[in-house]
Amino acid sequence: MFPAGTERTQDAGGISGSLLIPWNFVWRYGGNRVFVIGSFTRWTERVEMVPLEGDPTVFQVMWSLSPGIHQYMFFVDGAWRHDEQQPHMMSTYGIVNTLILDQDANHVHTLLSSELPGNRMSMDVDHENFRIV
């Protein structure tokens, strides 16, 4: 009924029955303890990331996201960080967040992909015409 790798459940936004897409969050810049936090957890839950086997400087975690726009940051050894190699934007509070624009439930995306160019985005995004695949 649903593409492989997707599931129907309740997301952090409380939308029951929404389609969720697995997303691999990756931090490639080292650290001792790395977490990801974002709009998909209502900015309240830090999701702990684990070092990649064979490369302790790369951390990752898989998380199910509803299709759409999500902002997130990494919490690395007590400091807030964003990935400058990924799309990012300035929040209304002047904080730079990494950005996910996704409406395609047929792909498992990874932030290690070299296909995603780093660029700055404004909040004014035409959601119908702009997608990162």
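Residues numbered from 1 in each chain as written. Predicted model: local features only at pLDDT ≥ 70, side-chain atom pairs only at ≥ 80, totals over all residues. Heavy atoms only, no water.

An unreviewed UniProt entry annotates the chain as AMP-activated protein kinase glycogen-binding domain-containing protein of Zingiber officinale. As stated in UniProt under Sequence similarities (unreviewed entry), the record for the chain gives "Belongs to the 5'-AMP-activated protein kinase beta subunit family." (UniProt positions renumbered as here; feature names shortened; annotations may be inferred.)

A. Inspection of the pairing of strand β7 (residues 68-76) at higher detail. For β7, the tally of buried residues reaches eight of nine residues, placing the bulk of the element in the interior. With five bridges connecting them, strand β3 (residues 34-38) and β7 associate as antiparallel partners. Bridge pairing in β7 links Gly 38 to Tyr 72. Examined bridge by bridge, β7 and strand β8 (residues 79-81) share three bridges and lie antiparallel to one another. The partner of Val 76 across the bridge, within β8, is Ala 79. In sequence, β7 turns back onto β8 through a hairpin of two residues, with Asp 77 there showing a positive phi of about 50°. (Buried < 20%, exposed > 50% of the residue type's maximum accessible area, 1.4 Å probe, protein only. Helix = DSSP H or I, 4+ residues; strand = E, 2+ residues; numbered from the N terminus. Pairing = 2+ DSSP bridges.)

B. How the structure looks around the nonpolar core. Judged by nonpolar contacts, the single largest core of 15 residues is most densely connected at Phe 25, Trp 27, Val 34, Val 36, Met 49, Tyr 72 and Phe 74. Of all the secondary-structure elements, those providing two or more residues to this core are β2 (18-27), β3, β6 (55-65) and β7. Sequence-distant contacts of Val 36, defined by excluding residues within four places in its chain, comprise Phe 25, Glu 45, Arg 46, Val 47, Met 49, Val 61, Tyr 72, Met 73 and Phe 74. (Core = buried A, V, L, I, M, F, W, Y, C linked by side-chain atoms within 4.5 Å. Contact = heavy atoms within 4.5 Å.)

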